[in-house]
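# Summary of the model geometry
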Amino acid sequence: MQPRLKHCKTINMPVVETSKFVFGNKAEQLYPLTMEILGHIENEVAIDEETAQKARMVLIELLTNAIKHGGAAECTLEVIAAEDKVIIKKSDIGEALVIRSEGALYQWPLPGVHQGGRSITIYGDGICNLKGSLANSRRVRFFIEENIKPNAGEIRNLPEHFGLMIITRACQAFEYEFDIATCTNNFTATLAVGLQTKKHTV
Amino acid sequence: MILKTQLHADAVTARVEIKEANLTVADTFKAELLALIDGGAKYVVVDLEKVVYVDSSFLGALVSALKHAITNKAEIVVCGLNKDVLGLFQLIRLDKAFKIYATAAEALQNH
């Protein structure tokens, strides 16, 4: 049964504000803005060092991605720092996401209406793959598929593109969505905070 | 030039002379490393002591150079990683692909 609106008054929801930062897609702004945003996050919520380290990695890669692939003059970063998670959303109106993998070209928004539920392999080294789970023709959630072929990892099979891999491994959740209404690219990275930080086997 | 190199018998130390190892220097870094391998270096120690952070482009260049080294029966090892850079290597498991040493001296001792 749906709660009535008046019951909302009894729910003590913390007010979490969204802060916006603009990046001019210039390499010299990359690190200063990373540290500015991290400073903002640390001012809002007491994150531990591991979370701060991952937040730095994620910010650097999101900004690097904007310079390399954005094709726009600037991008916007919206940051929500809550008690249990930090959400960083990068938006721009540049070129949509394009992934070439296994002989196929994926360009967002993907064609057709039957993309939901599919998974695609983006890249891998034989031991693990970076994959994308398609929610629909506009949204993809990135995830890591571990231990595909134990002992199959060789140096010559290592990928040379690590941006999406770094963010996916550092985050609790990482996804891309192409907003058709505004022709906006949105990358959303969600980091778990503190003791709930996701541990990775290395 | 972003690498400052020094010969040690059949080994070379290559110190990265920049703080921000990002996409703006990745191509130069790769070209300089490949030139060392093509010049006959069989053991290259990439010293990252001065580096504050590395991005995916720089790591891609390093991995590309490692593949070139292996093809030429050479080896690339790294040293001087700060906590963030070491964390990044571990996060994407490049610590399995590269031998990591605390200092260039230690890397040379283990050659």
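Residues numbered from 1 in each chain as written. Chains lettered and ligands numbered in written order. Predicted model: local features only at pLDDT ≥ 70, side-chain atom pairs only at ≥ 80, totals over all residues.

### A short note on the sheet that holds strand E10 (residues 184-192) of chain A
All names here are of chain A. Overall, antiparallel pairing links the eight strands, which are arranged E1-E2-E3-E10-E9-E8-E7-E6 in an open sheet. The sheet is open, and its two borders are formed by strand E1 (18-23) and strand E6 (119-124), each paired with just one other strand. Across the sheet, the mean angle from the axis of one strand to that of its neighbour is 20 degrees, orientation sign disregarded. Across six bridges, the pairing between strand E2 (residues 75-81) and strand E3 (residues 85-92) is antiparallel. Residue pairing for E3: alanine 81 is matched across the bridge by valine 86. Those strands touched by helix H1 (residues 27-44) are E1, E2 and E3, and its axis lies near 25 degrees from that of E2. (Pairing = 2+ DSSP bridges. Helix = DSSP H or I, 4+ residues; strand = E, 2+ residues; numbered from the N terminus. Axes fitted to C-alpha atoms, helices over the stretch in contact; angles between N-to-C directions. Contact = placed C-beta atoms within 7 Å.)

### Observations regarding the nonpolar core
The biggest cluster of nonpolar side chains holds 76 residues, and the ones touching the most others in it are Val58, Leu62, Ile167 and Ala189 of chain A together with Val44 of chain B. The dominant element in this core, judged by the number of residues it contributes, is helix H2 (residues 49-69) of chain A, at nine residues. Setting aside anything within four residues of it in sequence, one finds leucine 62 of chain A in contact with Ile88, Lys90, Ile167, Phe187 and Ala189 of chain A. (Core = buried A, V, L, I, M, F, W, Y, C linked by C-beta atoms within 7 Å. Buried ≥ 20, exposed ≤ 12 C-beta atoms within 10 Å, placed from the backbone.)

### Some points on helix H3 (residues 163-170) of chain A
In terms of residue burial, H3 of chain A counts as a mostly covered element, since eight of its eight residues are buried. The set of residues buried in H3 of chain A consists of Gly163, Leu164, Met165, Ile166, Ile167, Thr168, Arg169 and Ala170 of chain A.

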